[in-house]
Amino acid sequence: MLAALETAERDLRAADTPRGPIGVACFSTFAAVHVVPALVAARARYPDLQVSLHELEPPEALSALRARRCEVAVCYSYNLTPSETPAELDVHPLAVEPVLLALPADHAWASDRDGQAVDLRRLTDAPWIVGSREDGSAALVQRACAVAGFPPRITHAVDDYQLVLRMVAHGLGVALVPQLVAHAHHPSPDVTLHPVANTDLTRTVYAMTHPSLGARPQVNAVLDLLVQNQDPGDTTVRTPDV
């Protein structure tokens, strides 16, 4: 009887140990700053857990989750252009970060003003760089400029934030970028980042899972690591109270 109890106890402990494959779909900036440290920690803490990272933008990550091609989808939403989360999925808040205005360092409203708030009304004639997705940063720029009272002059559609920052550095346009971008891509001194005056711009990052998978040790371990293992140099992203 004692041997049977010991065997049953070992089986229960094994069932609670994260093991086996699990897929995480995530966009590049959050993956670079948060998911990579989580993968490193998972390798040391859970040697039997095999986490696979799939770099996908939120719409594709959500599709992959629904199709069961991954178990965790990391997505985001801007406060000025909120998106509804599917009712059939569980939502796990991860972080909230400010969205900043990226200007060339030699811009009239950037010189000697790095970190100072800038009124978007000063940029009514500026060329804007946005993402190619209408429901992403393009919608955010249009909404933020509408709040400021003018339509933006959108000139470029670029999805790679590193390319966006390089274009801003060369004076090809201005852009709105999440602060996490600065930690992932380290802008050159030719770019200055500023809060937007009179408007609170934020991006909320959250993970989504299937309710049927919510109790799986693999999913819980990954979600915990995404919150706990943040880049030591990242002091801007804050975990929301949940």
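Everything numeric here is computed off the predicted structure, so don't read it as measured data.

1. A few points about the layout of surface pockets
Move 1: Roughly 300 Å³ of volume is contained in the largest pocket.
Move 2: Along the walls of the largest pocket sit 18 residues, with Pro-58, Pro-59, Tyr-76, Ser-83 and Asp-135 positioned nearest its centre.
Move 3: Broken down by secondary-structure element, the contributors of at least two residues to the lining of the largest pocket are helix 3 (58–66), strand 3 (72–78) and strand 9 (202–209).
Move 4: Sorting elements by how many residues they give to the lining of the largest pocket places strand 3 first, with four residues.
Move 5: Residue classes in the lining of the largest pocket are distributed as 10 nonpolar, four polar and four charged.
Move 6: Taken as a whole, the second largest pocket holds about 240 Å³ of empty space.
Move 7: Lining the second largest pocket we find 15 residues, and of these Glu-57, Tyr-76, Gly-131, Asp-159 and Tyr-161 sit closest to its centre.

2. Observations concerning the packing of aromatic side chains
Aromatic rings considered in pairs are described by the distance between their centres and by the relative angle of their planes.
Move 1: For the structure shown, the criterion picks out three aromatic pairs.
Move 2: For the ring pair Phe-27 and Phe-30, a centre distance of 6.0 Å and an interplane angle of 45 degrees mean the geometry is tilted.
Move 3: Exposure remark for Phe-30: the relative accessible area of 2% places this residue in the buried category.
Move 4: A network of ring pairs unites the aromatic residues Phe-27, Phe-30, Tyr-76 and Tyr-78 as a single cluster.
Move 5: The ring of Tyr-76 carries the charged tip of Arg-203 above its face, separated from the ring centre by 4.7 Å.

3. Some words on the packing of helix 2 (residues 28–45) against helix 7 (residues 217–228)
Move 1: Running from N to C, helix 2 and helix 7 point in directions that differ by 125 degrees, and their axes come no closer than 8 Å. Classified by the angle between their axes, helix 2 and helix 7 sit oblique to one another. For the crossing formed where helix 2 meets helix 7, the hand is right-handed. Of the residues in helix 7, those in contact with Phe-30, Val-35, Ala-38, Ala-41, Ala-42 and Arg-45 of helix 2 are Leu-225, Leu-226 and Gln-228.
Move 2: When grouped by side-chain class, the residues that make up the contact of helix 2 with helix 7 number seven nonpolar, one polar and one charged.

Rules of the game
- Residues numbered from 1 in each chain as written.
- Predicted model: local features only at pLDDT ≥ 70, side-chain atom pairs only at ≥ 80, totals over all residues.
- Heavy atoms only, no water.
- 1 Å grid on protein atoms, 1.4 Å probe; cavity = no way out; pocket = protein on both sides within 12 Å on 5 of 7 lines; lining within 4 Å.
- Points joined across faces, edges and corners; volume = space filled by probe spheres on them.
- Helix = DSSP H or I, 4+ residues; strand = E, 2+ residues; numbered from the N terminus.
- Nonpolar A, V, L, I, M, F, W, Y, C, P; charged D, E, K, R; others polar.
- Phe/Tyr/Trp six-rings, centres within 6.5 Å; stacked < 30°, edge-to-face > 60°.
- Buried < 20%, exposed > 50% of the residue type's maximum accessible area, 1.4 Å probe, protein only.
- Lys NZ or Arg CZ within 6 Å of the ring centre and 35° of its normal.
- Axes fitted to C-alpha atoms, helices over the stretch in contact; angles between N-to-C directions.
- Parallel < 35°, antiparallel > 145°, perpendicular 65-115°, else oblique.
- Left-handed = near helix turned anticlockwise from the far one by under 90°.
- Contact = heavy atoms within 4.5 Å.

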